[in-house]
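# Architecture at a glance
Now for the letters of each chain:
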Amino acid sequence: MWQLGSRFAATGSLPAPLAVMSVIGAEAQSGVLFVNLAITLARVAASFALAMVLGTALGVLMGRNKTVDRLCDPLLIVLLNLPALVVIVLAYIWVGLNEAAAIGAVVLNKLPNTAVTLREGTRALDKNLDEMARVFNLPLGAKVRHVFLPQLAPYFAAAMRSGLSLVWKIVLVVELLGRSNGVGFEIGIAFQLFDVTRLLAYALPFVGLMLAIETLIVQPFERNVSRWRPPHGA
Amino acid sequence: MELEVSIARKALRTASGKTRVVLHDVAFSLRQGEICALLGPSGCGKTTLLQIISGLDSDFEGQIVLPSPHRIGMVFQEPRLMPWRSVAQNLRLVGSSSENELAEIVAALRLSKHLDHFPGELSLGLARRVAIARAFAVKPDLLLLDEPFVSLDAALAARLREELLALVLKRKATTLIVTHNVEEAISIAGRIIVLSAAPGRILADMTIETPREALTQARAAKIKTDIVSVMTK
Ligand SMILES: Nc1ncnc2c1ncn2[C@@H]1O[C@H](COP(=O)(O)OP(=O)(O)OP(=O)(O)O)[C@@H](O)[C@H]1O
Ligand SMILES: [Mg+2]
């Protein structure tokens with residue numbers, strides 16, 4: 001279908017799949033494709049991990065402590081509503097055109113969503129079980145592992161799910177605007193040359209990779225998290 | 001372990017902002033190993049009293065004296081099991097009993113067939129039995145039981161009362177058991193405290209002198225009449 005469509009579209013705006021495949025092949029052979037994929041993937045992994053860890057910590061803290069919640073809530077609302085582009089450009093201007101600014105900008109884009117989700121989860125923690133753990137003097141470690149985490153896990157999974165797709169989209173923009181390598185940077189070059197074949201040659205393998213991570217890692221985790229539920233529901 | 005309760009006043013703020021007194025001048029103490037039943041109409045503050053004794057609620061006027069360290073075994077009015085852990089894990093994670101002791105408790109409460117089940121798969125009565133087992137698994141010095149036998153059929157309740165009694169006597173745990181059932185109170189406890197309707201005050205605090213084994217039907221019937229007359233006055 002794509003092959004057919006490309007025949008009718010204006011020259012250059014929708015290249016034939018075979019042409020894209022051959023560019024992918026060439027870039028793969030020289031190794032450039034893999035290097036760029038690896039660099040972008042590393043940025044996705046780093047900023048995703050940071051956003052999840054920091055966002056979870058902040059969310060749990062806000063959920064448990066009213067003062068922290070009142071102090072941080074306005075900040076969260078601003079961050080949630082600030083366009084990603086603004087955060088990215090400000091980060092580059094204030095911190096400089098470096099890796100820290102790039103990762104930081106992505107983290108700031110994802111963190112508020114994680115924090116809000118985990119705050120919700122923390123507020124929904126079962127008070128009765130908390131009392132049970134207190135009366136029975138459950139040590140903190142056991143309380144976290146057996147009482148809190150099982151309740152927070154579905155919220156964590158939800159934040160992860162929406163997080164990965166958000167993070168990889170933003171990482172590409174960050175690379176396009178201020179980095180000199182990675183998939184986003186290559187797509188930027190392709191844009192300057194109006195080279196759709198090259199653009200797709202980078203975008204498709206990357207999207208494929210992200211889909212693979214989503215189906216092979218994120219979704220199984222999500223299923224695993226809800227496994228304790230008895231078959232006929234509790 | 002000895003328990004000393006002296007609550008001058010326990011008030012709650014209702015959603016509409018009013019203050020509502022729940023407990024008023026509730027004072028008593030239990031000797032080491034004493035088994036005491038707490039009777040009283042619904043809403044008179046029995047659960048609230050257990051919350052205060054267990055240390056979960058410290059917003060009251062008065063004090064609770066417990067020697068430390070102490071271990072409390074509690075059966076809440078609802079089972080409060082961890083739904084994501086099996087019955088066996090629920091007992092192991094909370095308790096400090098050895099495998100042998102645990103096996104004994106599990107046998108006494110007829111739970112061996114259900115160890116691998118998850119709480120969501122249990123009937124309410126079964127879940128309650130797990131909650132009772134858990135309270136014993138912590139090797140308690142003080143046992144607080146909030147209507148542990150409600151929602152069990154009469155035959156099972158009677159059998160479990162015997163098992164409970166045996167476990168309590170073996171551990172020499174000081175025990176406070178909330179119940180609505182006067183006969184149950186008489187059959188299990190050496191001491192019965194009757195609370196009034198809200199705000200709960202102590203209406204009667206009676207010790208049954210006769211040892212449990214020697215309690216005749218006539219004597220039990222007499223005690224029951226006494227309690228019922230106090231409750232309905
Ligand atoms: N969180 C709360 N907010 C407001 N009022 C409450 C709250 N919890 C309990 N109460 C009130 O306090 C009183 C005592 O409640 P409590 O649960 O201790 O009664 P109870 O004797 O255990 O009753 P039951 O036999 O029905 O279990 C009741 O009148 C109840 O309405
Ligand atoms: Mg109650």
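No experiment lies behind these values; they were computed from the predicted model shown. Just so you know, the residues in each chain are numbered from 1, in the order the chain's sequence is written. For this description, chains carry letters from A and ligands carry numbers from 1, given in the order in which they are written. For this predicted model, a pLDDT threshold of at least 70 governs which residues receive local features, and a threshold of 80 or more governs which side-chain atom pairs are given and counted, while totals over whole chains, interfaces and linings are taken from all residues. Values reported for side chains reflect all heavy atoms of the structure, with hydrogen atoms and water molecules removed beforehand.

### Some points on a nonpolar patch on the surface
Residue and element names in this part refer to chain A. Like-charged residues are merged into a patch within 9 Å and nonpolar side chains (Val, Leu, Ile, Met, Phe, Trp, Tyr) within 5 Å, provided each residue has over 30% relative accessible area and no salt bridge. Surface exposure here means Shrake-Rupley accessible area, sampled with a 1.4 Å probe, where a residue is shielded only by the protein chains that are shown. Take a side-chain nitrogen of Lys or Arg and a carboxyl oxygen of Asp or Glu: if they are within 4 Å of each other, that pair is a salt bridge. Judged by side-chain polarity, L85, V89, I93, W94, V95, V173, L176 and L177 come together as a nonpolar surface patch covering roughly 780 Å² of accessible area. Secondary structure elements are defined from DSSP: runs of H or I of at least 4 residues count as helices, runs of E of at least 2 residues count as strands, and each element is numbered from the N terminus. At five residues, helix α5 (residues 84-95) tops the list of elements feeding residues into the nonpolar patch. Between buried and exposed lies partly exposed: a residue is buried under 20% and exposed over 50% of the maximum accessible area for its type, with that area taken using a 1.4 Å probe on protein chains only. Judged by relative accessible area, V89 falls into the partly exposed class, the value being 36%.

### Concerning the interface of chain A and chain B
Many structure descriptions define interface size as the accessible area lost when the parts assemble. The contact definition used throughout considers only heavy atoms, calling two residues in contact when any of these lie within 4.5 Å. Between chain A and chain B, the residue contacts involve 19 residues of the former and 23 residues of the latter. Interface of chain A and chain B: buried area, both sides summed, is about 1,900 Å²; carbon and sulfur atoms make up 69% of it. Counting the contacts that link chain A with chain B gives one salt bridge. The partner of R80 of chain B in a salt bridge is E131 of chain A, and the shortest N-O contact between them spans 2.7 Å. In this description, buried area is defined as the sum, over both parts, of the accessible area (probe of 1.4 Å) that is lost when the two are combined.

### Quick word on the packing of helix α6 (residues 99-123) of chain A against helix α8 (residues 140-178) of chain A
Residue and element names in this part refer to chain A. Interaxial angle, 0 to 180 degrees, is taken between N-to-C directions of lines fitted to C-alpha atoms, where a helix line uses only the stretch in contact. Contact geometry of α6 with α8 gives a least axis separation of 9 Å together with a crossing angle of 160 degrees. The pairing of α6 with α8 is recorded here as roughly antiparallel in orientation. Between α6 and α8 lies a crossing of right-handed hand. On α8, the residues touching A102, A105, V106, N109, K110, N113, T114, T117, L118, E120, G121 and T122 of α6 are L152, Y155, F156, A159, S162, G163, L166, V167, I170, V171 and V174. Just so you know how the angles are binned, under 35 degrees is roughly parallel, over 145 roughly antiparallel, 65 to 115 roughly perpendicular, and the rest oblique. Should the near helix be turned anticlockwise from the far one by less than a right angle, the crossing is left-handed, and should it be turned clockwise, the crossing is right-handed.

### Description of the coordination of the magnesium ion (ligand 2)
Residues and elements named next belong to chain B. Because no water is among the atoms considered, metal sites can look incomplete, with donors defined as N, O and S atoms within 2.8 Å of the metal, or 3.2 Å for Na, K and Ca. Protein ligation of the magnesium ion (ligand 2) involves T47 (OG1) and Q77 (OE1), the donor distances falling in the range 1.9 to 2.3 Å. Of the two residues, T47 sits in helix α1 (residues 46-53) while Q77 sits in the loop between β5 (72-75) and α2 (87-94), which places them 30 residues apart along the sequence. Here Q77 falls in the partly exposed class, since its relative accessible area comes to 32%.

### Some thoughts on the packing of aromatic side chains
Residues and elements named next belong to chain A. Pairing of aromatic side chains requires ring centres within 6.5 Å, counting the rings of Phe and Tyr and the six-membered ring of Trp. Pairs whose planes differ by under 30 degrees are stacked, by over 60 edge-to-face, and all others tilted. On inspection of all chains with the given rule, the structure shows three aromatic pairs over all chains. Seen from their ring centres, F156 and F221 are 6.3 Å apart, and the 70 degrees between their planes marks the pair as edge-to-face. Of the two residues, F156 sits in helix α8 while F221 sits in helix α10 (residues 196-225), which places them 65 residues apart along the sequence. By relative accessible area, which is 26% here, F156 ends up partly exposed. Residue class for F221 comes out partly exposed when judged on its relative accessible area of 31%. A centroid spacing of 6.0 Å and a plane angle of 25 degrees characterise the contact between F191 and F194, whose relative ring orientation is stacked. Accessibility classification places F191 together with F194 in one group, the exposed group.

### Concerning the domain arrangement of chain B
Residue and element names in this part refer to chain B. On domain assignment, one finds that chain B holds domain 1 (3-70 + 141-231) and domain 2 (82-138). Carbon and sulfur atoms supply 69% of the area that domain 1 and domain 2 bury against each other, a total of about 1,300 Å² over both sides. Taken as a group, L160, E163 and L167 account for 35% of the area that domain 1 buries against domain 2, more than any other trio of residues on that side. Across the contact surface, domain 1 and domain 2 share two salt bridges. Its salt-bridge partner being R110, residue E163 comes within 3.0 Å of it at the nearest N-O pair. Pairs of N or O atoms are called polar contacts if they sit within 3.5 Å, as long as, within protein, a hydrogen donor faces a hydrogen acceptor (for residues adjacent in sequence, only side-chain-to-side-chain pairs). One can count three residue pairs in polar contact (both at pLDDT 80 or more) joining domain 1 with domain 2. Element by element, the count of residues in the side of domain 1 that touches domain 2 is highest for helix α5 (residues 154-171), at eight residues. Taken together, the residues that form the side of domain 1 that touches domain 2 break down as ten nonpolar, one polar and four charged. Note that domain bounds follow an automatic or database assignment of domains. Following the grouping adopted for this structure description, the nonpolar residues are Ala, Val, Leu, Ile, Met, Phe, Trp, Tyr, Cys and Pro, the charged ones are Asp, Glu, Lys and Arg, and the polar ones are all others, Gly among them.

### Concerning the sheet that holds β5 of chain B
Residues and elements named next belong to chain B. Criterion used throughout: strands pair if DSSP finds at least two bridges between them. An order of β5-β6-β7-β3-β8-β9 is seen for the six strands of this open sheet, with the pairing classed as mixed. One side of each edge strand has no neighbouring strand; the edge strands of this open sheet are β5 and β9 (202-207). Between one strand and the next, the sheet's axes are offset by a mean angle of 15 degrees, whatever the strand orientation. Where strand β8 (residues 191-195) lies against β9, five bridges are found, and the strand directions are antiparallel. Paired with L195 across the two strands is I202, which belongs to β9. Each of β3 (35-39), β5, β6 (142-146), β7 (174-179) and β8 is contacted by α1, which is oriented at about 155 degrees to β6, the strand it contacts most. Together, β3, β6 and β7 form the strand contacts of α5, whose direction differs from that of β3 by roughly 130 degrees.

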